[in-house]
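Coordinate inspection notes
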Amino acid sequence: MPNDSLPSSVFLKAAELFPTPFHLYDEAGIRNTARAVREAFAWNPDFREYFAVKALPNPVILGILKEEGLGLDCSSLTELMMAERLGFSGEEIMFSANAMPPEEFDLARKLGAYVNLDDISDIDTLAVHGGIPKTVCVRVNTGGTFTFGGNQIMGKPGEAKYGWMPSQLKEGLERLKSMGVKRFGLHAFLASNMTDPGYYPALARILFDLIQTTAAETGLEPAFVNLSGGIGIPYTRDVPPVDIRAVGEAVRQEYVAVFGEPGPGKPGIKTELGRYITGPYGFVVTHAVHEKKTFKHYIGLDACAVQLIRPAMYGAYHEISIVGREHDAPEEIYDITGSLCENNDKFAIDRPMPKIHLGDLLIIHDAGAHAFAMGYQYNGRLRTAEILYTKDGGYRQIRRAETPEDYFATMVWPESE
Ligand SMILES: *Cc1c(COP(=O)(O)O)cnc(C)c1O
């Protein structure tokens, strides 16, 4: 069920204060979820959640998560620079490599981050870019298809570009050991947006078994298992939210079965949730600005795929509601579109909705992760503002809208040559 915990008065007030479209984030919802994740894994004394910066790269949000005791998962130089500027350091940062420009390892090592190696060849790169640390993390890819519980396929790791094959672990880690590594972590990300609470426990069991056999084979100390991201959120009404407490408890049971009771010298647990932490607590706030009846019935919004590309890119479903008439019965079937000259710029296709009038304020739900972050400037449609609905009930602009001058600033104009 999409999050509809904020009253319509919040969106009405925000739209009085700021021109639409904009993203609005609910600080209290984000803080509560960050706390719930920490509590769910508090049984492990060496637990840390590293928020995946790419999901919502806003410094104010990242600062809030820092206050809640989270670290950051960075995957590029600029994300590392944001972490540095916000005062994250050392083991508060996970650097997830993936076809990295080699120089990006230098800053990760300078900051003392955990480096998560995506390929066995990254060993040589790291050796000359920052040096080999005492503790490394290795990303594994189990290949084939990933299933659990029943037989339903949950992910296709064999098609994914990420990670080492398990058969490469012994050779690679022995090399790392000869270069001074003492401890290692194992990471895997086998499926995305999983609302089945069995995902983390199933992944945890695979990694617990693998880290134990690999540690025995190599003589290295198993430092931690990194369950990565992938816990999903309910974009549709028929899916219940994931009970993170139950997930934490199920992971604990798998842990005890392999390692016994947690304690000093036993592996830690790390997570890199993005979507689960902020996804439900962000909304695109937008006005209906155009109506058109041709072969279909269209409503045009002042927002477009630049604010939220998931429907255009993956056919993803996002709940849309009319502020103040959230519970009215559907009367019409609409295609709800943006203004890009691209026919996939549709937030909804054949969506039953209450009757929409021009000027109505609409919200698109579950836009707190992989939404603003995937924005772009196609058609000269610029990125818009981000507003924080604060825990004390205030409205704070935490990123201004881009202006045409921002857009033109990197261009070369004939008259200036
Ligand atoms: C994208 C990503 C995440 C976060 O994924 P979510 O689906 O937002 O939880 C975590 N770790 C890595 C390495 C990623 O690339």
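Residues numbered from 1 in each chain as written. Predicted model: local features only at pLDDT ≥ 70, side-chain atom pairs only at ≥ 80, totals over all residues. Heavy atoms only, no water.

**Focus on the pattern of salt bridges**
What counts, and what does not: Salt bridges are defined as contacts in which a side-chain nitrogen from Lys or Arg sits within 4 Å of a carboxyl oxygen from Asp or Glu. Only runs of H or I of at least four residues qualify as helices and only runs of E of at least two qualify as strands under DSSP, and these elements are numbered from the N terminus. Partly exposed residues are those whose accessible area sits between 20% and 50% of the maximum for their type, while under 20% is buried and over 50% is exposed, using a 1.4 Å probe and protein chains only.
Tallying each qualifying case throughout the model produces 23 salt bridges. Its salt-bridge partner being aspartate 350, residue lysine 296 comes within 3.0 Å of it at the nearest N-O pair. Remark: aspartate 350 occurs in strand β16 (residues 346-353) and lysine 296 occurs in the loop between β12 (282-293) and β13 (297-301); sequence separation between them is 54 residues. For glutamate 402, the salt bridge goes to arginine 383, with nearest N and O atoms at 2.7 Å. Of this pair, glutamate 402 sits in the loop between β19 (395-399) and α12 (404-408) while arginine 383 sits in the loop between β17 (361-364) and β18 (385-389), and the two are 19 residues apart along the sequence. Judged by relative accessible area, which is 25%, arginine 383 ranks as partly exposed. Overlapping salt bridges bring together Glu27, Arg31, Arg35, Glu67 and Glu68 as one network.

**Here we look at the packing of aromatic side chains**
Test applied: Here is the rule: rings of Phe, Tyr and Trp (six-membered ring for Trp) pair when centre to centre is within 6.5 Å. Planes less than 30 degrees apart are stacked, more than 60 are edge-to-face, and the remainder are tilted. Whether a charge lies above a ring is judged from NZ of Lys or CZ of Arg, which has to be within 6 Å of the ring centre and within 35 degrees of the ring normal.
With the rule as written, the count across this model stands at 17 aromatic pairs. Relative to tyrosine 200, the ring of tyrosine 199 has its centre 6.0 Å away and its plane inclined at 40°; by these criteria the two rings are tilted. By relative accessible area, tyrosine 200 is classed as buried at 1%. A centroid spacing of 5.3 Å and a plane angle of 45° characterise the contact between tyrosine 389 and tyrosine 395, whose relative ring orientation is tilted. For tyrosine 389, a relative accessible area of 17% gives the class buried. In this structure tyrosine 395 comes out as partly exposed when scored by relative accessible area, which is 23%. Through a chain of ring-to-ring contacts, three or more aromatic side chains come together here, namely Phe41, Phe47, Phe146, Phe148, Tyr199 and Tyr200. Its guanidinium or amino end placed over the ring of phenylalanine 224, lysine 270 lies 5.6 Å from that ring's centre, counting from NZ or CZ.

**Considerations on the environment of alanine 373**
Note the following rule: Note on contacts: a residue pair is in contact if any heavy atoms of the two residues lie within 4.5 Å.
Note on placement: alanine 373 falls in the loop between β17 and β18. Residues alanine 373 and asparagine 58, spaced 315 residues apart in sequence, show a C-alpha to C-alpha distance of 8.7 Å. Residue contacts for alanine 373: discarding those within four places in its chain leaves Lys54, Ala55 and Pro57.

**With respect to helix α8 (residues 199-218)**
As a reminder of what qualifies: Multiplying 1.5 Å by the helix residue count minus one yields the expected span of that helix.
With 20 residues, α8 should reach 28 Å at 1.5 Å per residue; the first-to-last C-alpha distance of 28 Å fits that figure. Following α8 by one or two positions, glycine 219 adopts a phi angle in the positive range, close to 75°.

**Here's the deal with the domain arrangement of the protein**
Test applied: What fixes the domain bounds is an automatic or database domain assignment. Put simply, buried area is the surface a 1.4 Å probe can reach on two separate parts but cannot reach once they are joined, added for both. The definition of a polar contact used here is a pair of N or O atoms within 3.5 Å, where within protein one atom must be able to donate a hydrogen and the other to accept one, and adjacent residues in sequence count solely through side-chain atom pairs.
When its domains are assigned, the protein resolves into domain 1 (28-278) and domain 2 (280-403). Here the C-alpha centroids of domain 1 and domain 2 sit 32 Å apart. Residue-level contacts link 21 residues of domain 1 with 18 residues of domain 2. Carbon and sulfur atoms supply 58% of the area that domain 1 and domain 2 bury against each other, a total of about 1,800 Å² over both sides. Looking at the side of domain 1 facing domain 2, the largest losses of area belong to Val60, Tyr235 and Thr278, adding up to 29% of the total buried there. The interface formed by domain 1 and domain 2 contains one salt bridge. Notably, a salt bridge pairs arginine 237 with glutamate 319, separated by 2.9 Å at the nearest N-O pair. Taken together, the links from domain 1 to domain 2 amount to eight residue pairs in polar contact (both at pLDDT 80 or more).

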